[in-house]
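Spelled out, the chains give:
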Amino acid sequence: MTAAAATATAAAPTPAPATRTGAEMIWEVLVQEGVEVVFGYPGGAIMPAYDALPRYPVRHVLVRHEQGAAHMADGYARASGRVGVAVATSGPGATNLVTGIATAMLDSVPVVFITGQVSSALLGSDAFQETDVTGVTLPITKHNWLVTRAEEIGPVLREAFAVAKSGRPGPVLVDITKDAQQASCAFDPADRRVARPPRPRPARGATADALARAVALIDRAEQPLILAGHGIVAAGAAAELAAFVARTGVPVASTLLGLGGFPATDPRALGMMGMHGEAWVNRAVQDADLLIALGMRFDDRVTGNLATFAPRARKIHVDLDPSEIGKNVAVDVAIVDDVRQVLAALTPRCRPAERAAWMAAIEAGKGDSAVRDIQQLPDTGKLHAAHVLHDLWRLTEGRAVVVTDVGQHQMWEAQYYKHDHPRGLVTSGGLGTMGFALPAAIGARFARPDAEVWVVAGDGGFQMTAAELSTCAQEDLKVNIAIINNGYLGMVRQWQELFYGGRYVATPMRSPDFVKLAEAHGLTGLRVTRRAEVAGAVAAARAAAGTVVIDFRVEAEDSVYPMVPSGADLGDMIRRPLRSRLIETGADDELTEEPPR
Amino acid sequence: MSAPGQPRLRTLVATVEDVPGVLNRVASLFRRRNYNIASLTVGASEVPGLSRLTVVVSCDDATAARLEANLWKLVDVVAVDELAAADVVERDLALIKVKADHTQRALVVQAAELFAARVVDVAPTELTIEIAAPRQRIDDLRAVLEPFGVIAMVRTGAVAMARAGVGAAVPQPPRAASGA
């Protein structure tokens, strides 16, 4: 019997004894909190907890590396809006989580990490597999706890869930000593006390005055623009944003993590702004006379050079976190509150408007960008990543949950896969963690059992966590994986081409045969080298019962355009070349050649 | 009073839960957000289970507002107040060991008396002065003692509270249930 089958058929906890071990208490609380699946890896200091697990209706997914567990819990949380849970042992188990914890922290994702710790008598003695995990994770968690007594486990875990999902969400970690897991104490299933109720915080909220000033700016603006961030998705404010736009006519540019918060196919959706946003979108940001920043934090990848960012624009900033106000950009009106409530309050107060002249000006700014778009190329037989992403969007009707890794493919996904729904894109924005995609997609698989889940990863990032293919096989999961394989660490190669004199240092990468790699895991592998083959492979993957890996051999030296060089002015973009070497060679007759390696 | 955009020394008082690691959390915040701390002290407050931190930090107004907001984000923080310079009683405690043989001793003691400082330890060739005063007065005393030969100095860093009658620095328990 597999572990999954064992946990799936486990009976509900028996109510008889009025005491529980600390280990049992962990699962009692998780069940109370509605947790159905955890991602983890056992080890010495967490073994008591694992030993108790089969008695509880919680499915455990055995990962191949704890970083995978962290990303799975993160992907689960991002795709569902619920709290994800990852479990690891002390020492190396816990330190392997660190990259995943930081990833969740930078993107404000609610995840509860539970780690085993050496017994309390050994704390501080450099015992086997002892690491100061609360110390290590202090700057990358919203809060963390070291628990040394069984009595504390219930109240602290409940507090951990509350902290993770309250206010601006984020990861928390609870480090539980082995002896606390082994000890028993009285247990009352009705007791839902937390270790410490939340302390009162200064009342901030949207004041009538701030709302009135915001409305006045919006009504008066001639060229207003919404900058929609992750906060729209996290706050569940997509409907409120749509209503606000419908009334005020203000167009919407999105951050990477804001994609899907406003339907990409809406005429007022401009798509992504920033370093790899369309030039005309960034032009609109620079030309705007009012920016309405909603749940975003003016990241440097969004603003470019701060000194020249949107120089004409007054700025309204709505964010739940007061420490974000004025951090990067000085604003005229700051509203510290839930963006959903703020939009609901603003919409009826604002004057209805069409803003036809402004929309026409933005439209005119597009110029020849469509002509430059690689999508407009005739099918020369060459395979461009843009083709793959565009075709994937078309074939999945934009309904898939797409989980990307980090790099060129991530930007192409953002440009060519049009997200109409929140939580349809799962991607590591703030930390930019390579290796995120496959494990995060496994988490999304559990979060959204009815959705089609696609991984889009580069050949480099995919190999960082490719061992989780084994998890897909063991857990019998259906995930479709598109590897955008160009034989390079593509984004770094692109920077080397543009900014480092074309010296490709440590970026050419030889990969395993991904088809055989899939097959070695008992999964299906396909290879695509021509555009004409894309649709067939995507259809085959969708039809297959299990996980399918498609190795898309795309153009090796393709670049993501347009591009604002790091630290440059937002209006100062490197545009797509009208005639590139790639396009010229594409006109040749050598349609069957292997992509250069 | 300096301009809002200019950095200046300011005093923040934070009331925190007296739990393990709380000082580490506050210090970590200052370090990773790149704040420039002049001093940081922590000790018991009038409420059992709560400690009080006094932080002296050099920053401009906008940075101070974000620092305060960042402190509020720490789960263990109960209250944060920036004390206006005019409304603050602030004390730093210093022990200063000075060279003072029989030819110099009277002069050193006289200097200490000018600052209302006390001599707390005497040896044949040196003595130790204790002073509790605002930061600047301690700096001044040190400058006066320097020619005699300062052997060692230890300071606590500032502790501060709002002046009597200038409003409570601390919201009182019990805790109310409200979101962070």
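Being a predicted model, the structure only gives us computed values, none of them experimental.

S.K.: Help me out: how do you make sense of the overall build of chain B in this one?
M.R.: Scanning chain B for helices and strands turns up four helices and nine strands. Traced from its N-terminal end to its C-terminal end, chain B shows the element sequence β-α-β-β-α-β-β-α-β-β-α-β-β. Each principal axis of the C-alpha atoms in chain B carries an extent, and together these give about 65 × 40 × 35 Å. Going through the 180 residues of chain B one by one, you find that 27% of them count as buried. Counted over contacts in chain B with a minimum sequence separation of 6, partners at least 24 positions apart contribute 71%.

S.K.: What's the story with the overall build of chain A in this structure? I'm lost.
M.R.: The secondary structure content of chain A amounts to 26 helices and 20 strands. Here the C-alpha radius of gyration of chain A, 25 Å, is about what a compact globule of 597 residues would show, namely 25 Å. Each of the three principal axes of chain A carries a C-alpha extent, and together these read 75 × 65 × 40 Å. Within the span of chain A, comprising 597 residues, buried residues form 54% of the whole.

S.K.: Help me understand the packing of helix 18 (residues 385–395) of chain A against helix 25 (residues 534–543) of chain A, please; the structure alone is not making it clear to me.
M.R.: Each packed pair of helices is defined by two parameters, the angle between the axes and the distance between the axes. Residue and element names in this part refer to chain A. Two elements in contact, helix 18 and helix 25, have axes whose closest approach is 10 Å; the angle formed by their N-to-C orientations is 50°. Our classification of the angle between helix 18 and helix 25 gives oblique. Two packed elements cross with a definite hand, and for helix 18 against helix 25 that hand is right-handed. When helix 18 is examined against helix 25, the residues His-387, Val-388, Asp-391, Leu-392 and Leu-395 are found in contact with a partner set consisting of Val-534, Ala-535, Val-538 and Ala-539.

S.K.: Can you help me understand the domain arrangement of chain B in this one?
M.R.: Interface extent is often summarised as the accessible area lost during association of the parts. All names here are of chain B. Here the domain parsing of chain B yields domain 1 (8–83) and domain 2 (89–160). Centre-to-centre separation of domain 1 and domain 2, based on C-alpha positions: 29 Å. The partner domain 2 presents six residues to the eight residues of domain 1 that form the contact. Counting only elements with at least two residues in the side of domain 1 that touches domain 2, the list comes to strand 1 (8–17), strand 2 (36–44) and strand 3 (50–59). Residues that form the side of domain 1 that touches domain 2 fall into these classes: four nonpolar, four polar and no charged.

S.K.: Honestly, the domain arrangement of chain A in this entry has me stumped. Any pointers?
M.R.: Residues and elements named next belong to chain A. Here chain A is partitioned into domain 1 (3–186), domain 2 (208–365) and domain 3 (369–586). Every contact between the two is made by six residues of domain 1 and, on the other side, six residues of domain 2. Taken together, the residues of the side of domain 1 that touches domain 2 sort by class into one nonpolar, three polar and two charged.

S.K.: Sorry, what's going on with the sheet that holds strand 4 (residues 77–83) of chain B here?
M.R.: Where strands meet in a sheet, backbone hydrogen bonds hold them as pairs that are either parallel or antiparallel. Residue and element names in this part refer to chain B. Here we have four strands laid out as an open sheet, ordered 2-3-1-4, and antiparallel in their pairing. Strands with a single pairing partner mark the edges of an open sheet, and in this sheet they are strand 2 and strand 4. On average, each strand axis in the sheet is tilted by 20° relative to the strand beside it, whichever way the strands run. Here strand 2 pairs with strand 3 via eight bridges, running antiparallel. In the sheet register, Thr-41 faces strand 3, and the bridge partner there is Thr-54. Sitting on the sheet, helix 2 (residues 61–73) touches strand 1, strand 3 and strand 4, and the angle it makes with strand 4 is about 165°.

S.K.: Can you walk me through the interface of chain A and chain B in this structure?
M.R.: With 17 residues of chain A at the interface, the matching set in chain B holds 20 residues. Residue composition of the side of chain A that touches chain B, grouped by class: eight nonpolar, six polar and three charged.

S.K.: Sorry, what's going on with the sheet that holds strand 15 (residues 401–404) of chain A here?
M.R.: Residue and element names in this part refer to chain A. One open sheet accounts for six strands, arranged 16-15-17-18-20-19; its pairing is parallel. Edge positions in the sheet fall to strand 16 (425–426) and strand 19 (524–528), since each has one partner strand and no second. As judged from the five bridges shared by strand 17 (residues 453–458) and strand 18 (residues 480–485), these two strands associate in the parallel manner. Bridging from a neighbouring strand, Val-455 pairs with Ile-481 of strand 18. Taken strand by strand, helix 18 contacts strand 17, strand 18 and strand 20 (548–553), and its axis lies near 160° from that of strand 18. Lying on the sheet, helix 19 (residues 408–416) is in contact with strand 15, strand 17 and strand 18; it crosses strand 17 at an angle near 135°.

S.K.: Got a minute to help me understand the environment of Pro-251 of chain A in this structure?
M.R.: All names here are of chain A. Tracing the sequence through the fold places Pro-251 in the loop between helix 12 (238–248) and strand 10 (252–254). Assessed through the 23 C-beta atoms surrounding it within 10 Å, Pro-251 is described here as buried. A sequence separation of 38 residues divides Pro-251 from Asp-289, and the C-alpha atoms of the two residues are 13 Å apart. Pro-251 has contacts with Leu-225, Ile-226, Arg-268, Leu-270, Met-359 and Ile-362, leaving out every residue within four places of it along the chain.

S.K.: Can you walk me through helix 4 (residues 66–80) of chain A in this structure?
M.R.: Given 3.6 residues per helical turn, the α-helix brings residues three or four places apart onto the same face. All names here are of chain A. For helix 4, which comprises 15 residues, the first-to-last C-alpha distance of 21 Å matches the rise-based estimate of 21 Å (1.5 Å per residue) to within 8%. Among the 15 residues in helix 4, 14 count as buried, and that is most of the element. Just past helix 4, the residue Gly-81 takes up positive phi, approximately 85°.

S.K.: I would appreciate a short explanation of unusual backbone geometry in the present structure.
M.R.: What is expected of a backbone is that most residues other than glycine have negative phi and most peptide bonds are trans. Residue and element names in this part refer to chain A. Omega for the peptide link from Tyr-561 to Pro-562 comes to -10°, which places this bond in the cis form. Among the secondary structure elements, Pro-562 is positioned in the loop between strand 20 and helix 26 (581–586). The phi torsion at Glu-397 lies on the positive side, around 50°, for a residue other than glycine. Assignment of secondary structure puts Glu-397 in the loop between helix 18 and strand 15. A tally of 9 C-beta atoms within 10 Å means that Glu-397 is categorised as exposed.

S.K.: Explanation requested: the environment of Ile-131 of chain B in the structure shown.
M.R.: Residues and elements named next belong to chain B. Within the fold, Ile-131 resides in strand 7 (residues 126–133). Here Ile-131 falls in the buried class, since 22 other C-beta atoms lie within 10 Å of it. For the pair Ile-131 and Leu-95, spaced 36 residues apart in sequence, the C-alpha separation works out to 6.6 Å. Residue contacts for Ile-131: discarding those within four places in its chain leaves Ala-94, Phe-115, Ala-117, Ile-138 and Leu-141.

Criteria and cut-off values
- Residues numbered from 1 in each chain as written.
- Chains lettered and ligands numbered in written order.
- Predicted model: local features only at pLDDT ≥ 70, side-chain atom pairs only at ≥ 80, totals over all residues.
- Helix = DSSP H or I, 4+ residues; strand = E, 2+ residues; numbered from the N terminus.
- Buried ≥ 20, exposed ≤ 12 C-beta atoms within 10 Å, placed from the backbone.
- Contact = placed C-beta atoms within 7 Å.
- Rg over C-alpha atoms; globule rule 2.2 N^0.38 Å.
- Axes fitted to C-alpha atoms, helices over the stretch in contact; angles between N-to-C directions.
- Parallel < 35°, antiparallel > 145°, perpendicular 65-115°, else oblique.
- Left-handed = near helix turned anticlockwise from the far one by under 90°.
- Domains from an automatic or database assignment.
- Nonpolar A, V, L, I, M, F, W, Y, C, P; charged D, E, K, R; others polar.
- Pairing = 2+ DSSP bridges.
- Expected span 1.5 Å × (residues − 1).

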